[in-house]
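So the chains spell out like this:
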Amino acid sequence: MDKSSRIFVTGHRGLVGSAIVRSLGRAGYNNVVTRTHAELDLINQDAVAEFFTQEKLDYVILAAGKVGGIEANRTLGADFIYQNLMMEANAIHSAWRAGIKRLLFLGSSCIYPRDCKQPIKEEYLLTGPLEPTNEPYAIAKIAGIKLCESFNRQYGTQYVSAMPTNLYGPNDNYDLNSSHVLPALIRKAHEAKLRGDAAYLVWGSGNPMREFLYVDDMADACVFLMECEDICDVLINIGTGLDVTIRELAETVMEVVGFKGEILFDASKPDGTPRKLLNVDRITNLGWSAQISLREGIARAYANFLSRELV
């Protein structure tokens, strides 16, 4: 990519999109195009088509999406599948109509089967049933992958689908009704410390294993993929290749936050997928690897959380 290329990043105010904008800036790209939801509703097909026609974009990174944790996915399944399907379909189709050859579509590791062989290779997609608690979201993201794959096959585009593992960091969602596990634990531990509680409550048994990637590492990987001249694979995992139990995660959060009590697990709440560790050989072989450790990343995330709380 030329440093002056017009690069459209959707979802630039969210966790993923804002990190990608930061990474593009660090890499010297000075013509990043963004739009708020009020300025461009990606669910509105006509508005998206008109935007792509007028803006004369060179590259597109699709980071917008309706996301959330287990509870949000369980209760808002219709919203998750409809909104994500519409956003990706409108953007990918309009990008093709506008002549954009290179596009990066962001998904999630939840696209893979619930009981997948570990670590999860890209070729394991569609080899088994999905985790029921996030199936609508996963199906929408799988459709996005297949859209990219189909446009490449039929029209010769270079649309790549990147599947990050669990992400966290600046601009994360700390709403306990809709957040993912790590930001929820940070908030719970922080509030328990302020109240002087003897314990803080963690959903589930604590036994599931999860992989976590600091969002700025993920963003650097996205820029790296956009800069790669030739990528043979449509689907590429982005992760650390390392995982921890939810219990170990909760203990690390407790140490970083400075909460001195104990952890209580609510086994009546769902655990979700037992384990979800990505095989990252494809992107590692291309020359990229994560740089920020889990503990360092949690410390950065907590500092960002505190700065937001104090504003």
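Please read these numbers as outputs of a predicted model, since none were measured by experiment. (Residues numbered from 1 in each chain as written. Predicted model: local features only at pLDDT ≥ 70, side-chain atom pairs only at ≥ 80, totals over all residues. Heavy atoms only, no water.)

Asker: Is there a simple way to explain the overall build of the protein chain in this structure?
Answerer: The helix and strand tally for the protein chain stands at 10 helices and 13 strands. Expected size for 311 residues packed as a compact globule is a radius of gyration near 19 Å; at 19 Å, the protein chain falls within 12% of this value. When each of the 311 residues of the protein chain is scored for burial, the buried share is 51%. Taking as baseline every contact in the protein chain between residues at least 6 positions apart, the subset at least 24 positions apart corresponds to 81%. A total of about 13,900 Å² of accessible surface is found on the protein chain, and carbon and sulfur atoms cover 49% of it. Each charge class in the protein chain can be summarised by its mean position, and for the 32 positive and 38 negative side chains these summaries are 1 Å apart. (Helix = DSSP H or I, 4+ residues; strand = E, 2+ residues; numbered from the N terminus. Rg over C-alpha atoms; globule rule 2.2 N^0.38 Å. Buried < 20%, exposed > 50% of the residue type's maximum accessible area, 1.4 Å probe, protein only. Contact = heavy atoms within 4.5 Å. Areas by Shrake-Rupley, 256 points an atom, 1.4 Å probe, with all protein chains shown as cover. Lys, Arg positive; Asp, Glu negative; His and termini not counted. Charge placed at Lys NZ, Arg CZ, Asp CG, Glu CD.)

Asker: How should I be thinking about the sheet that holds strand β10 (residues 235–238) in this particular structure?
Answerer: The strands making up a sheet associate through hydrogen bonds between their backbones, and the pairing can be parallel or antiparallel. What the six strands build is an open sheet, ordered β2-β1-β3-β4-β5-β10; its pairing is parallel. Every other strand in the sheet has two partners, leaving β2 (32–33) and β10 as the edge strands with one partner each. For strand β3 (residues 59–62) and strand β4 (residues 102–106), the ladder comprises four bridges, and the chain directions are parallel. Bridged to L62 within β4 is F105. (Pairing = 2+ DSSP bridges.)

Asker: Got a minute to help me understand the packing of aromatic side chains in this structure?
Answerer: For any two aromatic rings, the description comes down to two numbers: the centre-to-centre distance and the angle of the planes. Taken as a whole and assessed by the stated rule, the structure comprises 12 aromatic pairs. Ring centres of F8 and F52 lie 5.9 Å apart, and the angle between their planes is 80°; on these two criteria the pair is classed as edge-to-face. Note that F8 is positioned in strand β1 (residues 7–10) and F52 in helix α2 (residues 45–55), a separation of 44 residues in sequence. F52 matches F8 in its accessibility class, with the two residues each being buried. Seen in terms of ring centroids, F51 and F52 are 5.6 Å apart; in terms of plane orientation they differ by 90°. Their pairing is edge-to-face. Each member of the pair, F51 as well as F52, is classed as buried. Here the aromatic residues W96, F151, Y155 and Y159 are joined through ring pairs into a cluster of three or more. Positioned over the ring face of Y29 is K3, at 4.3 Å from the centre of the ring. (Phe/Tyr/Trp six-rings, centres within 6.5 Å; stacked < 30°, edge-to-face > 60°. Lys NZ or Arg CZ within 6 Å of the ring centre and 35° of its normal.)

Asker: Mind showing me how you'd approach the side chain of S23 here?
Answerer: As for its placement among the helices and strands, S23 is situated in helix α1 (residues 15–26). What makes S23 buried here is its relative accessible area of 4%. Those residues in contact with S23, other than ones at most four positions away along the chain, are A219, D220 and V223.

Asker: Can you help me understand the side chain of D266 in this one?
Answerer: Among the secondary structure elements, D266 is positioned in strand β12 (residues 262–266). For D266, which is buried and forms no salt bridge, the nearest opposite charge comes from K269, at a distance of 4.7 Å. When near neighbours in sequence (up to four residues on either side) are disregarded, D266 contacts L201, V202, W203 and G204. (Salt bridge = Lys/Arg side-chain N within 4 Å of Asp/Glu carboxyl O.)

Asker: Help me understand the pairing of strand β5 (residues 158–164), please; the structure alone is not making it clear to me.
Answerer: Taken residue by residue, a regular strand's side chains alternate between the two faces of the sheet. With respect to burial, β5 is a largely interior element, six of its seven residues being buried. Sheet topology note: the β4/β5 ladder contains five bridges and is parallel. Its bridge partner being in β5, L103 is matched across the sheet by Y159. With respect to chirality, the unit in which β4 leads through helix α5 (residues 135–155) into the neighbouring parallel β5 is right-handed. Of the strand pairs in this sheet, β5 and β10 are connected by four bridges, and their pairing is parallel. (Right-handed = clockwise from strand over helix to strand, strands pointing away.)

Asker: What's the story with the nonpolar core in this structure? I'm lost.
Answerer: What tends to happen in soluble globular proteins is that the nonpolar side chains get buried as a cluster. Counting 70 residues, the largest nonpolar core has I20 and M218 as its most contacted members. Here the element with the most residues in this core is helix α7 (residues 215–227); it accounts for nine residues. Membership of the second largest hydrophobic core comes to 25 residues, among which are A189, Y200, M254 and F259. (Core = buried A, V, L, I, M, F, W, Y, C linked by side-chain atoms within 4.5 Å.)

Asker: Just checking my understanding: could you explain the pattern of salt bridges for this structure?
Answerer: Side-chain pairs of opposite charge can arise where the charged atoms are in close proximity. Under the criterion given, the structure shown has 18 salt bridges. A salt bridge links D216 to R26, with the nearest nitrogen and oxygen atoms 3.5 Å apart. With D216 in helix α7 and R26 in helix α1, the pair connects residues that are 190 residues apart, well separated along the chain. Residue classification places D216 among the buried residues on the basis of a relative accessible area of 10%. Here E296 makes a salt bridge to R300, at a shortest N to O gap of 2.5 Å. One end of the pair is E296 and the other is R300, both in helix α10 (residues 294–310) and four residues apart, which spans about a single turn.

Asker: So what exactly am I meant to see when it comes to unusual backbone geometry here?
Answerer: For residues that are not glycine, phi is negative in most cases, and the peptide bond is trans in most cases. The omega angle of the peptide bond from Q118 to P119 is -15°, so this bond is cis rather than trans. In this structure, L126 is a non-glycine residue whose phi angle is positive, near 65°. When its relative accessible area of 55% is taken as the criterion, L126 is described as exposed. Look at N171: it is not a glycine, yet its phi comes out positive at around 70°. Its place among the elements puts N171 in the loop between β6 (166–168) and α6 (181–195). N171 sits in the partly exposed class, given a relative accessible area of 35%.

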